[in-house]
Amino acid sequence: MHELGLPDILAAVLALSLNAYVLFGGADFGGGVWDLLAFGPRRERQRAVIADALGPIWEANHVWLILAIVLTFTCFAPVYARLGTILHIPLTLMLVGIVLRGSAFTFRTYDTRGDAAQRRWGRTFASASVITPVLLGVSIGAVASGRVRPVSPGGFVAQFVQPWLTPFALSVGLLALALFAFLAAVFLTLETRDPELCEDFRRRALGAGVAVFFASALVLLLSNNAAPLVRTGLMASSWALPLHLATGVSAVVGLAALWFRRFRLARVAAGLQVSLIFWGWALAQYPLLVPPDLTIANTASPNSTLRLVLIGLAIGGAVLLPSLWYLFQVFKTVPADSGARGP
Amino acid sequence: MSDLLAARSQMAVSLAFHIIFAVVGIGMPVLMVVAERRWRKTGDTIYLDLAKRWSKGTTILFAVGAVSGTVLSFELGLLWPQFMEFAGPIIGMPFSLEGFAFFTEAIFLGIYLYGWDRISPRSHLWAGVAVAVSGTASGIFVVAANAWMNSPAGFDLVGGRPVNVNPVAAMLNSAAFQQTLHMTLAAFAATGFAVAGIHAFLLLFDPENAFHRRALSVALIVGAPAAVLQPISGDISARQVARQQPVKLAAMEAHFKTASGAPLTIGGWPDSKAGETHYAIKIPYGLSLLAFHDPKAEVKGLNEFPREDWPNIPIVHAAFQIMVALGTYLALVSLWAGWVAFKGRDVVANRRLLQAIALGAPMGFIAIEAGWTVTEVGRQPWIIHGVLRTADAVTPMPGLIVPFLLFTLLYCFLGVIVAWLLYRQIIRSPGSTEWTRVYVPTVTRRA
Ligand code: HDD
Ligand code: HEM
Ligand code: HEM
């Protein structure tokens, strides 16, 4: 163990902002999943709750991803270059998904004629919400499996496709989808006062919780051969047992809270569970950023840059966190009539 | 199409697309805040309607701005990994600050757009101010990063690698002030004139309409002063280019041979092979005067530089001419409108002026695209002027024509949809009650 320095602190901030993106941005994607899967007599009302929950906050939630990207290229530029090169294809497809999701959501909200065009935007928004998390998960899976290696002479497929088109990476994609859908359903139980709708989302949350369980099991199974590094980290290190225990406890508490309709508790537990899964991956890789060769130490920018970024983060945080709190304060206190569309 | 050309084209398309929405994101909040403040001061509800209608259209544009900006922040790595590996530690700083500016903007935008009924009018106005300030700040930060590509600073080059990195010096590079000033003014001028132009056009058919009258006045108050200042700021930019990037200046002016007391070349078709410009109007001493404020000054011509360091001369020259022509037009129209208003006459009663404003609607945006073409194409073949060549920065990934076509198609599609939605929702909407309420001329109609 070496001494923690500036690079480690910035890596931790990077991980935190990805963590925030997974929690908030992830829940927004999950909302789109439930839009796609909306069924039953309350279908349109479910969609309305989802749209109202997303409207004012999705752009802000989305900036966590941008923050992570910017931190990556400022503080760990070789990592950014490597990911952009080897994962060109999944990242490009993910971008198409991000573009389609954001614009289709807004078009749908503002093209309020209830006609075929509006439905089409709805479908675009919803399908992009399914595809994008899978691609995000696939990219993370590719990194975890240690296949995002330096460019070498070799065929196109070997260099630019095989690193990410693996059963393991795909299973991480599935896990990401399940996690986001789970988060969204749990959060949505608190977005409406209508007991029927609340019940709808509760059932979906329980279902998604089970899906998360199976997807995690699949990832763990495949990691045996595909991602030995993460596997070892997750199994053998000193923090492994406490982490697994904590994850397990939050999963059980989350499901139980859903079962007994303690939705606020469920929200906390679900957020915790997802974050712990995320940190499990991050810690298992530490101090590698992109296995097998790019570490925090050998990719970090000079300290002059890192110090400034840290100062910038502190100042930015001082503006940002109160603003974010205000945003959630204004919009996440459920109005009495929620369940019907606003103006 | 070579991979390098495909990458450059994809970058160009993405930036040209994003800049439209980014500019709206800088300009519209100011317009909305001015309108809302007038409502608060005068109690005239038409101003409130104005702010609300504008904010509706702006929501659509903002969303497209956010997603296209996200694409850009990935594209820097997808297309130019070597560039970012070099530049990230040096100019990542303004990008990080920009990240915070985006965050603040997105937060208060959510509050502004969706919070009409949820917070007090006073807080609402301040949320608008926060959006305007952070939008402007994000533009400034990202343009400072671009200025660094034109005028690199804040590091020493040792064996091809940057050492002694000083991000503050990089951010405060010698082109940063000129470019950020020019771009910020451009955003206000372009948005102001686009909005003023649309309402001026509608006023041509309905001169008494109180809604359009107020819209026109708010838009001109924001757009006209910026448009008047723009040629001055452009002159400051040009002199900085003359010092820092003489090749670019020579390309802008299609100035092939070094000369003292160089003439200003207007129009014409530069022939790079023959090294001369045909059919141009030449104003004696003009170029020396503009570039160095001295009629005798020597201006380096393209002949001083090896061919492989030339950018594409016809494109840079034409783009520069377009920007300057449009900028001159907008400045003159602004002065005209200012004069009419200063004399206490009704701007709307002057049909010729209204027509001139309406004609100016797209011009700011065209000037912006042209100006960026000058800056970016004029920097070629360098991605970082004098330090790193574009050809050495491109990704090794083959088949780049595929993502280029993919994003071009996607953006064409989005562009059409946005235009159609704005038309359908905001400009036409004949049946909606909201429109009727605004449209019926009220007692506040001016005589
Ligand atoms: C409303 C838009 C607009 C208008 C009316 C003008 N410009 Fe401009 N110009 C821009 C919008 C713009 C821009 C798009 O914003 C650029 C691109 C990069 C930048 O910093 O600003 C630009 C760049 C730019 C540059 C290159 C800077 C560089 O490469 O570093 C010069 C020399 C000028 N301008 C000069 C002028 C002059 C002499 C104008 C006189 C009328 C003028 N511009 C009007
Ligand atoms: C390489 C260049 C650029 C990159 C990487 C970039 C990146 C981004 C990103 C990530 C966003 C989305 C933020 C959000 O989610 O709210 C964005 C929006 C924005 N960008 Fe850019 N940008 C670039 C060029 C520019 C330029 C040249 C300007 C202006 C002069 C600009 C001004 C803005 C503004 C004002 C917004 C917010 C308003 C909106 O969303 O419409 N950007 N940009
Ligand atoms: C939003 C306004 C902008 C527009 C319209 C614009 C336009 C262009 C164009 C036309 C090119 C292609 C030039 C060529 O290869 O011939 C280009 C390239 C590029 N631009 Fe910009 N640009 C803008 C702002 C920026 C900013 C703010 C940055 C970064 C900080 C930036 C970074 C780049 C890079 C990295 C390339 C590719 C390398 C190169 O061709 O030099 N651009 N841009």
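First, a word on what this report is: a plain description of the structure on this page.

**What about the coordination of the iron atom of ligand 2?**
For a metal bound by four donors in tetrahedral geometry, the ideal donor-metal-donor angle is 109.5 degrees, whereas six donors in octahedral geometry ideally sit at 90 or 180 degrees.
Phase 1: Of the protein atoms, His18(B) (NE2) alone serves as a donor to the iron atom of ligand 2, at 2.1 Å.
Phase 2: Within the secondary structure, His18(B) sits in helix 1 (residues 3–42).

**So, the pattern of salt bridges**
All names here are of chain B.
Phase 1: This model, assessed by the stated rule, comprises 7 salt bridges over all chains.
Phase 2: Note that Asp44 is salt-bridged to Arg214, the shortest N-O span being 2.5 Å. Of this pair, Asp44 sits in the loop between helix 1 and helix 2 (45–79) while Arg214 is found in helix 7 (residues 210–244), placing the two residues 170 residues apart along the sequence. Judged on exposure class, the residue Asp44 and its partner Arg214 are both buried.
Phase 3: Between Arg239 and Asp235 there is a salt bridge, with its nearest N and O atoms 3.6 Å apart. Of this pair, Arg239 and Asp235 are both found in helix 7, 4 residues apart, which corresponds to roughly one turn of the helix.
Phase 4: Look at Arg239 and you get partly exposed, because its relative accessible area is 25%.

**Brief notes about the coordination of the iron atom of ligand 3**
Phase 1: Exactly one protein atom donates to the iron atom of ligand 3; that atom is Glu376(B) (OE), 2.0 Å from the metal.
Phase 2: In this fold, Glu376(B) is placed in helix 12 (residues 363–379).

**Section: helix 4 (residues 77–86) of chain A**
One turn of an α-helix holds 3.6 residues; hence residues three or four places apart share an orientation.
Phase 1: Most of helix 4 of chain A is tucked away, with 9 of its 10 residues classed as buried.
Phase 2: When helix 4 of chain A is considered as a whole, its buried residues turn out to be Ala77(A), Pro78(A), Val79(A), Tyr80(A), Ala81(A), Arg82(A), Gly84(A), Thr85(A) and Ile86(A).

**Quick notes on a positive patch on the surface**
Residue and element names in this part refer to chain B.
Phase 1: A cluster of like positive charges, contributed by Arg37, Arg40, Lys41 and Arg122, occupies part of the molecular surface.
Phase 2: In terms of residues, the positive patch owes the most to one element, helix 1, which gives 3 residues.
Phase 3: For Arg37, a relative accessible area of 46% corresponds to the partly exposed category.

**Here's the deal with the environment of Pro81(B)**
Phase 1: As for its position among the elements, Pro81(B) is in helix 3 (residues 81–114).
Phase 2: On the basis of relative accessible area, Pro81(B) is assigned to the buried category, the value being 1%.
Phase 3: For the pair Pro81(B) and Ala393(B), spaced 312 residues apart in the sequence, the C-alpha separation amounts to 6.6 Å.
Phase 4: Residues in contact with Pro81(B), not counting those within four places in the same chain, are Ala81(A), Thr85(A), Leu76(B), Ala393(B), Val394(B) and Thr395(B).

**Let's talk about the site of ligand 2**
Phase 1: Of all residues adjacent to ligand 2, which total 26 residues, the nearest are His18(B), Phe21(B), Gly69(B), Phe102(B) and Glu105(B).
Phase 2: The site occupied by ligand 2 is bordered by residues of chains A and B.
Phase 3: At a separation of 3.2 Å, an oxygen atom of ligand 2 approaches a polar backbone atom of Phe21(B).
Phase 4: The backbone of Ala66(B) places a nitrogen or oxygen atom 3.5 Å from an oxygen atom of ligand 2.
Phase 5: At the level of elements, helix 3 (58–75) of chain A together with helix 1, helix 2, helix 3 and helix 4 (121–150) of chain B are the ones that each hand at least two residues to the shell around ligand 2.
Phase 6: A breakdown of the residues in the shell around ligand 2 according to their chemical character gives 15 nonpolar, 9 polar and 2 charged.

**Considering the packing of aromatic side chains**
Phase 1: All chains considered together, the criterion is met by 21 aromatic pairs over all chains.
Phase 2: Measuring from centroid to centroid gives 5.3 Å for Phe73(A) and Phe95(B), while their planes differ by 90 degrees, and the two rings are edge-to-face. Taken together, the residues span two chains, with Phe73(A) in helix 3 and Phe95(B) in helix 3.
Phase 3: An aromatic cluster is built from Phe17(B), Phe21(B), Phe407(B) and Tyr411(B), whose rings are joined through pairwise contacts.

**Description of the interface of chain B and chain A**
In many analyses, interface size is given as the accessible surface area lost on bringing the parts together.
Phase 1: With 61 residues of chain B at the contact, the number on the chain A side is 63 residues.
Phase 2: The junction of chain B with chain A conceals about 5800 Å² of combined surface from both sides, 79% of it contributed by carbon and sulfur atoms.
Phase 3: Taken as a group, Phe74(B), Phe100(B) and Phe103(B) account for 13% of the area that chain B buries against chain A, more than any other trio of residues on that side.
Phase 4: Joining chain B to chain A, the criterion identifies 0 salt bridges.
Phase 5: Between chain B and chain A we count 9 residue pairs in polar contact (both at pLDDT 80 or more) in total.
Phase 6: Where the side of chain B that touches chain A is concerned, the elements lending two or more residues are helix 2, helix 3, helix 5 (167–171) and helix 14 (401–428) of chain B.
Phase 7: No other element matches helix 3 of chain B, which puts 21 residues into the side of chain B that touches chain A.

**Quick look at the site of ligand 3**
All names here are of chain B.
Phase 1: Taken together, 21 residues are adjacent to ligand 3, and Arg8, Leu15, Glu376, Arg379 and Gln380 come closest.
Phase 2: In this structure, a nitrogen atom belonging to ligand 3 sits 3.4 Å away from a side-chain N or O atom of Asn146.
Phase 3: Here Glu376 contributes a side-chain N or O atom positioned 2.6 Å from a nitrogen atom of ligand 3.
Phase 4: Elements with a minimum of two residues in the shell around ligand 3: helix 1, helix 3, helix 4, helix 12 and strand 9 (382–384).
Phase 5: Here the element with the most residues in the shell around ligand 3 is helix 1; it accounts for 6 residues.
Phase 6: For the shell around ligand 3, the class distribution of residues is 15 nonpolar, 3 polar and 3 charged.

**Regarding the nonpolar core**
All names here are of chain B.
Phase 1: Counting residues in hydrophobic clusters, the biggest one holds 232 residues, and the most contacted among them are Trp54, Phe83, Trp148 and Leu216.
Phase 2: When residues no more than four places from it in sequence are discounted, the contact partners of Leu216 are Ala196, His199, Ala200, Leu203, Val347, Val348, Leu354 and Ile357.
Phase 3: Ala242, Phe256, Ala262 and Val299 belong to the second largest nonpolar core, which has 23 residues in total.

**Quick word on a nonpolar patch on the surface**
Residue and element names in this part refer to chain B.
Phase 1: A grouping of Met1, Leu5, Ile401, Val402 and Leu405 is seen on the molecular surface, where their side chains present a nonpolar patch of about 450 Å² in accessible area.
Phase 2: At 3 residues, helix 14 tops the list of elements feeding residues into the nonpolar patch.
Phase 3: Locating Val402 in the fold gives a position in helix 14.

**Remarks on unusual backbone geometry**
Phase 1: Look at the link from Tyr286(A) to Pro287(A): it is a cis peptide, with omega at 0 degrees.
Phase 2: One can find Pro287(A) in the loop between helix 12 (263–285) and strand 1 (288–290).
Phase 3: Here Gln380(B) and Pro381(B) are connected by a cis peptide whose omega angle stands at 5 degrees.
Phase 4: Inspection of the secondary structure assignment puts Pro381(B) in the loop between helix 12 and strand 9.
Phase 5: Its identity is not glycine, yet His293(B) carries a phi of approximately 55 degrees, on the positive side.
Phase 6: Mapped onto the fold, His293(B) is located in the loop between helix 9 (286–292) and strand 8 (298–299).
Phase 7: Note on His293(B): relative accessible area 47%, which makes it partly exposed.

**Digging into helix 7 of chain B**
Phase 1: If you check helix 7 of chain B, its first and last C-alpha atoms are 50 Å apart, about what 35 residues at 1.5 Å a residue would give, namely 51 Å.
Phase 2: Roughly 35 degrees is the biggest bend found in helix 7 of chain B, and it falls at Gln230(B), with proline Pro231(B) one to four residues downstream.

**Overview of the environment of Gly223(B)**
All names here are of chain B.
Phase 1: The residue Gly223 is located in helix 7 in this model.
Phase 2: Separated by 29 residues in sequence, Gly223 and Ala194 have C-alpha atoms that sit 8.8 Å apart.
Phase 3: Excluding residues within four positions of it along the chain, Gly223 makes contact with Phe188, Ala189, Gly192 and Phe193.

Rules used throughout
Residues numbered from 1 in each chain as written. Chains lettered and ligands numbered in written order. Predicted model: local features only at pLDDT ≥ 70, side-chain atom pairs only at ≥ 80, totals over all residues. Heavy atoms only, no water. Donors = N, O, S within 2.8 Å, 3.2 Å for Na, K, Ca; no water. Helix = DSSP H or I, 4+ residues; strand = E, 2+ residues; numbered from the N terminus. Salt bridge = Lys/Arg side-chain N within 4 Å of Asp/Glu carboxyl O. Buried < 20%, exposed > 50% of the residue type's maximum accessible area, 1.4 Å probe, protein only. Patch = residues over 30% accessible without salt bridge, like charges linked within 9 Å, V, L, I, M, F, W, Y side chains within 5 Å. Areas by Shrake-Rupley, 256 points an atom, 1.4 Å probe, with all protein chains shown as cover. Lys, Arg positive; Asp, Glu negative; His and termini not counted. Charge placed at Lys NZ, Arg CZ, Asp CG, Glu CD. Contact = heavy atoms within 4.5 Å. Near = heavy atom within 4 Å. Polar contact = N/O pair within 3.5 Å; in protein donor to acceptor, adjacent residues only side chain to side chain. Nonpolar A, V, L, I, M, F, W, Y, C, P; charged D, E, K, R; others polar. Phe/Tyr/Trp six-rings, centres within 6.5 Å; stacked < 30°, edge-to-face > 60°. Buried area = accessible area lost by both parts, 1.4 Å probe. Core = buried A, V, L, I, M, F, W, Y, C linked by side-chain atoms within 4.5 Å. Expected span 1.5 Å × (residues − 1). Bend = angle between axes of the 7 residues up to and from the residue.

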